[in-house]
Amino acid sequence: MARRFAGDRLVLATHNAGKVREIGELLAPFTVEVISAGSLGLPEPEETGTTFRANAELKARAAATAANLPALADDSGLVVDALGGAPGIYSARWAGPDKDFTVAMKRVEQKLTGKKKVVAHFVCALCLAWPDGTFETFEGIVNGTLIFPPRGTQGFGYDPIFMPAGHDITFGEMEPERKHAMSHRANAFRQLVAACFAA
Ligand code: ITT
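Residues numbered from 1 in each chain as written. Predicted model: local features only at pLDDT ≥ 70, side-chain atom pairs only at ≥ 80, totals over all residues. Heavy atoms only, no water.

Description of the pairing of strand S2 (residues 33-36)
Alright, step 1. Two strands pair when backbone bridges link them, and strand S1 (residues 9-12) and S2 are joined in this way by four bridges, in the parallel orientation. Bridge assignment links Val-11 to a residue of S2, and that residue is Ile-35.
Alright, step 2. A crossover links S1 with its parallel partner S2, the connecting element being helix H1 (residues 17-27), and its sense is right-handed. (Pairing = 2+ DSSP bridges. Helix = DSSP H or I, 4+ residues; strand = E, 2+ residues; numbered from the N terminus. Right-handed = clockwise from strand over helix to strand, strands pointing away.)

Structure below.
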């Protein structure tokens with residue numbers, strides 16, 4: 001049995017503005033006050049894990065301890081089979097110190113050297129941790145293909161090159177509500193809600 005979330009305040013342990021927006025939208029139906037990591041001045045822990053799950057747990061547990069409140073962290077990324085799973089857990093790092101995802105998407109395109117239909121998936125691990133050290137983790141994925149050049153200005157990160165399976169537009173071209181109906185993050189979030197939030 002997963003531990004239930006009984007509080008009314010939650011720290012969102014991410015410094016990524018795209019995630020803050022999306023997780024904020026997913027949490028909107030719940031009566032919980034969301035406190036940003038930035039407003040508490042929480043440091044960004046070094047992501048030393050070798051899996052999405054491990055990195056989500058490390059970030060959530062560090063934030064819960066530092067803030068003395070339950071904390072929710074997200075570790076996610078783009079997994080490209082033809083690149084041996086890259087950029088994977090290093091998805092943020094491929095954007096370089098300036099966090100420029102035009103650069104990151106270009107790097108992916110260059111490494112694919114002209115391959116046309118490339119399958120890929122996004123992964124999202126969400127971890128809810130409590131100050132006493134307990135935590136619950138959930139993972140979601142969404143399958144799709146990559147398309148170049150990038151399309152659309154919605155979303156964030158690698159969204160403009162990712163076309164979810166069964167759709168003919170990229171996440172970058174999709175309204176947020178449609179992305180939330182199928183995304184890796186929404187998928188992990190549904191599991192979290194069912195296990196920890198639902199009555
Ligand atoms: P935090 O650790 O502070 O949460 P981060 O950006 O460093 O922020 P990650 O290490 O989890 O987070 O990096 C994941 C990267 O994968 C992220 O920077 C995005 O570029 C990309 N990514 C994750 N989810 C995505 C989505 O829904 N759409 C597009 N790109 C996504």
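Some words on the site of the ligand
Alright, step 1. Surveying the vicinity of the ligand reveals 21 residues, the closest of which are Thr-14, Lys-19, Lys-59, Asp-159 and Lys-179.
Alright, step 2. At a separation of 2.6 Å, a nitrogen atom of the ligand approaches a polar side-chain atom of Asp-159.
Alright, step 3. His-184 places a side-chain nitrogen or oxygen 3.1 Å from an oxygen atom of the ligand.
Alright, step 4. Out of a free accessible area of 610 Å², the ligand has 95% covered by protein chains.
Alright, step 5. Only strand S3 (71-80) and helix H5 (184-197) provide two or more residues apiece to the shell around the ligand. (Near = heavy atom within 4 Å. Polar contact = N/O pair within 3.5 Å; in protein donor to acceptor, adjacent residues only side chain to side chain. Areas by Shrake-Rupley, 256 points an atom, 1.4 Å probe, with all protein chains shown as cover.)

Section: the state of the cysteines
Alright, step 1. Summed over the entire model, instances satisfying the criterion amount to zero disulfides.
Alright, step 2. You can see Cys-124 has no disulfide; the closest cysteine sulfur is in Cys-127, sitting 11 Å from it.
Alright, step 3. Here Cys-127 stays free of any disulfide, with the sulfur of Cys-196 as its closest cysteine sulfur at 9.5 Å. (Disulfide = S-S within 2.5 Å.)

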